[in-house]
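Report on the structure
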There are 4 protein chains.
Amino acid sequence: MDKKSVETSVKNEELIRKRRDQMVKAAVKLFTEKGFHRTTTREIAKASGFSIGTLYEYIRSKDDVLYLVCDDIYRQVNTRIKEKIDVKGDGLACLKDAIATYIKIVDEMRSEMLVMYQEAKSLSKESLPYVLNKELEMAGVFEDILGLCVQSGQIGLAEPEVRFFAQHIIVQCQMWTFRRWALRGYTLEEFTQMQINAIMGGLTSINKAELSV
Amino acid sequence: MDKKSVETSVKNEELIRKRRDQMVKAAVKLFTEKGFHRTTTREIAKASGFSIGTLYEYIRSKDDVLYLVCDDIYRQVNTRIKEKIDVKGDGLACLKDAIATYIKIVDEMRSEMLVMYQEAKSLSKESLPYVLNKELEMAGVFEDILGLCVQSGQIGLAEPEVRFFAQHIIVQCQMWTFRRWALRGYTLEEFTQMQINAIMGGLTSINKAELSV
Amino acid sequence: MDKKSVETSVKNEELIRKRRDQMVKAAVKLFTEKGFHRTTTREIAKASGFSIGTLYEYIRSKDDVLYLVCDDIYRQVNTRIKEKIDVKGDGLACLKDAIATYIKIVDEMRSEMLVMYQEAKSLSKESLPYVLNKELEMAGVFEDILGLCVQSGQIGLAEPEVRFFAQHIIVQCQMWTFRRWALRGYTLEEFTQMQINAIMGGLTSINKAELSV
Amino acid sequence: MDKKSVETSVKNEELIRKRRDQMVKAAVKLFTEKGFHRTTTREIAKASGFSIGTLYEYIRSKDDVLYLVCDDIYRQVNTRIKEKIDVKGDGLACLKDAIATYIKIVDEMRSEMLVMYQEAKSLSKESLPYVLNKELEMAGVFEDILGLCVQSGQIGLAEPEVRFFAQHIIVQCQMWTFRRWALRGYTLEEFTQMQINAIMGGLTSINKAELSV
DNA sequence: GATGAATGAGAGTTCATTCAT
DNA sequence: GATGAATGAACTCTCATTCAT
């Protein structure tokens with residue numbers, strides 16, 4: 001299931017892309033302000049710059065809008081990650097860079113990601129797994145980097161621990177969006193530094209910690 | 001603003017407590033299944049065991065139900081925390097216990113907490129700060145424990161770092177609810193152990209980590 | 001159909017009178033402020049100083065309250081008219097006095113009468129004729145006075161004209177309630193004087209007027 | 001604030017006019033039968049010939065219907081008055097004609113005006129002044145005619161008396177709607193003749209009357 | 001392809017009335 | 001006689017969706 005899977009009565013692919021861009025942009029703005037359920041399709045159409053009739057030429061239902069929004073956001077996030085994060089060289093250095101980079105991406109796409117985390121639960125039974133999969137794909141990057149560290153002997157983690165740690169890291173970075181209210185006092189730089197310390201510290205000292213538990 | 005602040009036309013306090021318990025229990029179940037917006041007041045009334053008219057004798061609007069749900073959950077979580085977490089003795093040992101205990105509470109109240117994190121954004125402008133405050137109160141417990149560690153010289157953190165770390169810990173523990181889909185492979189015990197390793201490792205090695213960054 | 005016709009489950013007549021007085025007083029106040037339909041039975045009960053359950057011990061339905069209110073108002077108006085208006089002596093002088101007196105009564109019972117004229121249409125099919133009858137009874141007083149004038153030869157009106165003129169007079173006096181917004185500029189005295197001039201002028205000159213038409 | 005001030009989600013002005021005509025016509029009928037409060041929006045929609053959804057495309061709330069009804073009635077009344085009443089020539093003759101004409105208009109629009117006088121009180125705080133203003137506008141026509149009489153020396157009235165007398169006349173004419181139940185015995189012609197006698201007699205004899213009071 | 005008027009199921013909420021206590 | 005919790009029919013209003021133009 002991918003972007004094309006949302007059926008359309010319009011044939012011109014170029015136009016579809018254009019209209020959906022307008023739509024997603026408008027929807028993210030509206031969902032950010034008032035949430036998915038409190039936003040009406042009329043509002044989405046109006047903010048997109050076309051009529052309600054036209055909106056329904058490019059989607060089958062309001063749920064499709066949410067799906068397109070989530071899909072678009074993941075697309076962007078993944079693109080940026082692939083552009084900016086290289087999985088090679090020194091494992092730990094690579095990880096540190098990746099964390100900083102990912103937090104920066106999270107910061108740039110703050111509203112979008114917040115919308116996604118708050119509304120994803122409203123996705124249809126069919127769309128949700130697809131979206132969660134994209135999230136796992138993203139986690140994969142961190143798993144790869146952690147794998148690099150393991151391979152080079154920098155850290156000692158079994159496979160299940162690697163998977164867990166990737167999630168651990170992602171959640172910490174995303175916290176910048178969903179716990180914003182509790183982090184008002186910190187700048188992006190401070191937050192980044194503290195997260196790197198906390199995460200990487202935890203990682204490198206696991207063996208010692210395990211002994212002491 | 002506390003529980004009593006939601007106005008009622010019913011006067012019998014005992015009855016109010018009873019009916020609201022029924023209501024909150026029913027609402028949590030329904031919100032878990034289909035979310036706040038997709039649940040109708042009629043469904044809440046029915047699941048509570050009384051009529052729609054009776055429901056509205058105990059609340060003024062649907063939003064009140066959400067508020068009562070959040071309020072009730074925090075009340076329970078805080079009660080359990082105060083019952084089970086002692087802030088005294090060896091700081092690090094205390095912290096380890098606290099993490100394990102908190103994760104256990106999170107696990108027991110999984111549905112409730114999930115509902116809260118997903119729907120809190122729908123709270124009214126007046127209720128939201130109240131609820132966020134309860135969350136900060138909860139974070140306070142971890143700040144206190146970290147303070148204990150700092151005092152005893154077990155870890156070296158400045159005040160802002162303490163506040164940050166408390167949030168860091170809370171988010172990691174709560175992850176057991178909102179990232180459940182990504183943690184299917186782990187038992188509660190495994191998850192707890194890994195989090196303790198990750199968090200406490202990170203903590204004790206911060207000085208070292210800072211040097212190496 | 002009279003006051004007693006509104007059935008009660010309470011037997012003590014004294015109590016019935018007392019409770020209904022409270023009720024009517026409260027209802028007039030509320031109906032004045034927000035109209036019959038926008039006033040709830042709960043509000044009436046509360047303003048009356050007893051519970052909703054008690055309210056329904058003294059009425060069968062909300063409509064009964066309106067009936068009791070109208071009935072009570074007519075009772076008061078008629079009592080005052082009978083107290084203060086004498087149908088004897090010089091016809092025209094008597095009429096002039098009656099007009100002034102009636103306007104005074106209208107002024108004293110402004111809110112009550114306004115409520116009645118605005119809400120009477122909501123009376124049940126059975127109550128309305130009864131209330132309208134009371135109004136005709138009131139008009140009867142003016143018919144009697146006009147009869148006095150005719151008998152003494154002061155004015156020359158046939159019977160149908162007498163009936164019409166009584167209505168004409170009553171409407172002009174009541175105008176002080178229902179056209180208040182258009183009469184803001186006048187004092188009660190000015191209004192009274194102008195009405196007397198207008199009405200009595202019309203009356204005494206009818207023969208002449210008829211010729212000129 | 002005029003007809004257009006009631007917001008619509010429909011853009012086609014022609015259609016708005018048409019639908020609102022249907023709506024007002026239906027509403028007047030229903031309000032006449034059962035009053036504003038006892039009429040439901042669904043009934044209005046149905047009687048208008050469209051669905052409840054469509055009704056709400058042309059109004060924002062039920063109150064708007066009442067406003068549109070009142071506005072429409074005044075529009076019609078004023079149009080007819082301007083068509084049929086000329087303020088020129090012999091003052092008294094003009095006045096006599098105006099009274100007869102206005103009573104005829106009142107008779108033609110009996111139900112409409114009755115609705116208005118009974119329900120206007122339910123208009124919103126913003127609409128009421130607008131509607132009362134229209135009524136004063138109407139009174140202005142009679143003030144002008146009376147002014148004509150004063151100028152030509154046919155009657156001797158000061159300005160405040162002129163304003164009062166205009167109200168006096170209007171109320172007498174409208175009485176044909178709101179006191180119908182008391183005027184059953186008279187034909188329109190009889191009523192008209194009697195009112196002309198009563199009003200014009202009062203008017204022309206005022207100087208004389210004042211002396212005798 | 002684009003439009004927007006029309007639809008009606010369904011949502012939240014109110015309130016007159018009842019009846020066990 | 002008094003109380004007030006419970007009831008549910010009925011109300012106003014919304015909004016996703018369709019389809020003729």
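Quick caveat: nothing in here was measured; it's all calculated off a predicted structure. Every chain begins its residue count from 1, and numbering advances along the sequence as written. Lettering of chains starts at A and numbering of ligands starts at 1, both following the order in which they are written. Under the rules for a predicted model, residues below a pLDDT of 70 receive no local features and side-chain atom pairs below 80 are neither given nor counted, while totals for whole chains, interfaces and linings still include all residues. To obtain the side-chain values, all non-hydrogen atoms of the structure were included, while hydrogens and water were left out.

**What to know about the overall build of chain A**
Quick reminder of the rule: Put simply, DSSP H or I for four residues or longer makes a helix, DSSP E for two residues or longer makes a strand, and each gets a number counted from the N terminus. Throughout this description, buried means an accessible area under 20% of the type-specific maximum (1.4 Å probe, protein chains only), exposed means over 50%, and partly exposed covers the range between. For the accessible areas, the method is Shrake-Rupley and the probe is 1.4 Å, while residue cover comes only from the protein chains on display. The charge count includes Lys and Arg as positive and Asp and Glu as negative, but it does not include His or the ends of the chains. The atom standing in for a charge is NZ when the residue is Lys, CZ when it is Arg, CG when it is Asp and CD when it is Glu.
Within chain A one finds 10 helices and zero strands. Across chain A, helices and strands are ordered from the amino to the carboxyl terminus as α-α-α-α-α-α-α-α-α-α. Once the C-alpha set of chain A is aligned to its principal axes, its extents read approximately 65 × 35 × 30 Å. Within chain A, buried positions represent 52% of all 213 residues. Roughly 9,600 Å² of accessible area belongs to chain A as shown, and the carbon and sulfur atoms make up 51% of that amount. Separation of charge centres in chain A, based on 31 positive and 30 negative side chains, amounts to 6 Å.

**Details of the UniProt feature "DNA-binding region" (unreviewed entry) in chain A**
The criterion, for reference: UniProt positions are given in the numbering used here, feature names are shortened, and annotations may be inferred rather than shown by experiment.
Per the UniProt record, "DNA-binding region" (unreviewed entry) is found at residues 40-59 of chain A. Within residues 40-59 of chain A, the helical portion is 75% and the strand portion 0%, while the C-alpha atoms at the span's ends are 14 Å from each other.

**Focus: the relation of the copies chain D and chain C**
To be explicit about the condition: We place the copies in one frame by least squares, fitting the C-alpha atoms of every residue whose pLDDT is at least 70 in both. What makes two residues a contact is simply this: any of their non-hydrogen atoms within 4.5 Å.
After a rotation of 179 degrees and a shift along the axis of 0.1 Å, chain D superposes on chain C with an RMSD of 0.2 Å. These values place the two chain copies in the arrangement generated by a two-fold rotation axis. Counting the interface residues of chain D, we find that 100% of their copies in chain C are interface residues as well, pointing to one common contact surface.

**Considering the packing of aromatic side chains**
Rules: For Phe, Tyr and Trp, rings pair up if their centres lie within 6.5 Å, where Trp contributes its six-membered ring, and each pair is then called stacked (planes under 30 degrees apart), edge-to-face (over 60) or tilted (otherwise).
One pass over the structure, following the stated rule, counts 32 aromatic pairs over all chains. Ring centres of Tyr102 of chain B and Phe142 of chain B lie 5.7 Å apart, and the angle between their planes is 65 degrees; this geometry places the pair in the edge-to-face category. With a gap of 40 residues between them, Tyr102 of chain B in helix 5 (residues 91-108) and Phe142 of chain B in helix 7 (residues 127-151) connect regions that are remote in the sequence. For the pair Tyr102 of chain B and Phe142 of chain B, one class covers both residues: buried. A centroid spacing of 5.4 Å and a plane angle of 50 degrees characterise the contact between Tyr67 of chain C and Tyr130 of chain C, whose relative ring orientation is tilted. Of the two residues, Tyr67 of chain C sits in helix 4 (residues 62-84) while Tyr130 of chain C sits in helix 7 (residues 127-151), which places them 63 residues apart along the sequence. In terms of burial, Tyr67 of chain C and Tyr130 of chain C fall into one category: buried. Ring-pair connections join several aromatic residues into one group, and the members of that group are Phe164 and Phe165 of chain A together with Trp176, Tyr186 and Phe191 of chain B.

**Side note on the protein's contact with DNA strand E**
Put simply, the test is: Near residues are defined by distance, with any heavy atom within 4 Å of the molecule or strand qualifying the residue. Pairs of N or O atoms within 3.5 Å make up the polar contacts considered here, provided that, within protein, one atom can donate a hydrogen while the other can accept it, and that residues adjacent in sequence are counted only when both atoms are side-chain atoms.
Close contacts around DNA strand E come from 41 residues, with Lys11 of chain A, Tyr56 of chain B together with Arg19, Arg42 and Tyr58 of chain D the closest. Backbone atoms, meaning sugar and phosphate, form 66% of the atoms of DNA strand E found within 4 Å of the protein. With respect to DNA strand E, the side chain of Arg19 of chain A contributes an N or O atom lying 2.8 Å from a phosphate oxygen. Contact between DNA strand E and Thr54 of chain A: a phosphate oxygen at 2.7 Å from a side-chain N or O atom of the residue. Among the secondary structure elements, those contributing two or more residues to the surface near DNA strand E are helix 1 (13-38) and helix 3 (52-58) of chain A, helix 2 (41-48) and helix 3 (52-58) of chain B, helix 2 (41-48) and helix 3 (52-58) of chain C together with helix 1 (13-38) and helix 3 (52-58) of chain D. In terms of residues, the surface near DNA strand E owes the most to one element, helix 3 of chain D, which gives five residues.

**Here we look at the UniProt feature "domain: HTH tetR-type" (unreviewed entry) in chain A**
The positions that UniProt labels "domain: HTH tetR-type" (unreviewed entry) are, in the present scheme, residues 17-77 of chain A. With 87% helix and 0% strand, the stretch residues 17-77 of chain A has end C-alpha atoms that lie 18 Å from each other.

**Comments concerning helix 2 of chain B**
Count 3.6 residues to each turn of an α-helix, and residues three or four apart come out pointing the same way. Residues and elements named next belong to chain B. Inclusion rule: The arc in question is formed by the directions pointing from the helix axis toward the C-beta atoms.
Among all positions in helix 2, only Thr41, Ile44, Ala45 and Ser48 are buried. Summarising the axial view, the buried residues of helix 2 lie within an arc of 100 degrees, below the 170-degree limit, and thus occupy one face. Every exposed residue of helix 2 that faces more than 90 degrees away from the buried side is listed here: Arg42 and Lys46. Lining the buried residues of helix 2 we find helix 1 (13-38), helix 3 and helix 4 (62-84). Two residues or fewer past helix 2, Gly49 is found with a positive phi of approximately 95 degrees.

**Section: the pattern of salt bridges**
Threshold: By definition here, a salt bridge exists when the distance from a side-chain nitrogen of Lys or Arg to a carboxyl oxygen of Asp or Glu is within 4 Å.
Within the structure shown, the criterion is met by 46 salt bridges over all chains. A salt bridge links Arg179 of chain C to Glu135 of chain D; the nearest nitrogen and oxygen atoms lie 2.2 Å apart. With Arg179 of chain C in the loop between helix 8 (159-178) and helix 9 (188-204) and Glu135 of chain D in helix 7 (residues 127-151), this pair bridges two chains. Take Arg179 of chain C: its relative accessible area is 3%, and that puts it in the buried class.

**Observations regarding the protein's contact with DNA strand F**
The local shell around DNA strand F holds 41 residues, among which Thr41 of chain A, Arg19, Arg42 and Tyr58 of chain B together with Tyr56 of chain D are the closest. Among atoms of DNA strand F positioned within 4 Å of the protein, sugar and phosphate together represent 63%. Contacts to DNA strand F include Arg19 of chain B, whose side-chain N or O atom sits 2.3 Å from a phosphate oxygen. Between Thr54 of chain C and DNA strand F, the recorded distance is 2.7 Å, taken from a side-chain N or O atom to a phosphate oxygen. Considering every element that reaches the surface near DNA strand F, the biggest residue donor is helix 3 of chain B, with five residues.

**Focus on the environment of Ser122 of chain D**
Structurally, the position occupied by Ser122 of chain D is in the loop between helix 6 (110-119) and helix 7. With relative accessibility at 7%, the residue Ser122 of chain D sits in the buried group. In the structure, Ser122 of chain D is positioned 100 residues away from Gln22 of chain D in sequence and 22 Å away in space, judged by C-alpha atoms. Leave out the neighbours within four places in its chain, and Ser122 of chain D touches Arg38 of chain C together with Phe36, His37, Asp63 and Leu66 of chain D.

**Side note on the relation of the copies chain A and chain B**
After a rotation of 179 degrees and a shift along the axis of 0.0 Å, chain A superposes on chain B with an RMSD of 0.2 Å. In this assembly the copies share their binding face: 94% of the residues contributing to the interface of chain A also contribute to that of chain B.

**A word on the interface of chain A and chain B**
Convention followed: A quick way to say it: buried area is the sum, across both parts, of accessible area lost when two parts are put together, with a 1.4 Å probe.
Tallying the contact residues gives 49 residues for chain A and 46 residues for chain B. Counting each side, the surface lost to burial between chain A and chain B is near 4,000 Å², with a carbon and sulfur contribution of 63%. Contact with chain B buries area across many residues of chain A, yet Phe164, Arg179 and Trp181 of chain A alone supply 16% of it, more than any other trio. Counting every contact that joins chain A to chain B gives four salt bridges.

**A word on the packing of helix 6 of chain D against helix 8 (residues 159-178) of chain D**
Residue and element names in this part refer to chain D. Put simply, the rule is: Note on method: axes are straight lines fitted to C-alpha atoms, helices fitted across the in-contact stretch only, with angles between N-to-C directions ranging 0 to 180 degrees. Here the angle decides the label: under 35 degrees means roughly parallel, over 145 means roughly antiparallel, 65 to 115 means roughly perpendicular, and every other value means oblique. Under the grouping applied here, Gly and all other residues not named as nonpolar or charged are polar, the nonpolar ones being Ala, Val, Leu, Ile, Met, Phe, Trp, Tyr, Cys and Pro and the charged ones Asp, Glu, Lys and Arg.
Running from amino to carboxyl end, helix 6 crosses helix 8 at an angle of 100 degrees, the nearest separation of the two axes being 9 Å. Compared by their axis directions, helix 6 and helix 8 come out roughly perpendicular. Contacts from Arg110, Met113, Leu114 and Tyr117 of helix 6 reach helix 8 at Gln174, Trp176, Thr177 and Phe178. Tallied by class, the residues present in the contact of helix 6 with helix 8 amount to five nonpolar, two polar and one charged.

**Things to note about the environment of Thr8 of chain C**
Residue and element names in this part refer to chain C. Relative to the assigned elements, Thr8 resides in the segment before helix 1 (13-38). Thr8 sits 51 residues away from Ile59 along the chain, and the two C-alpha atoms are 6.1 Å apart. Ignoring any residue separated from it by four or fewer positions in sequence, one finds Thr8 in contact with Ile16, Arg20, Glu57 and Tyr58. A distance of 3.3 Å separates a polar atom in the side chain of Thr8 from a polar atom in the side chain of Arg20.

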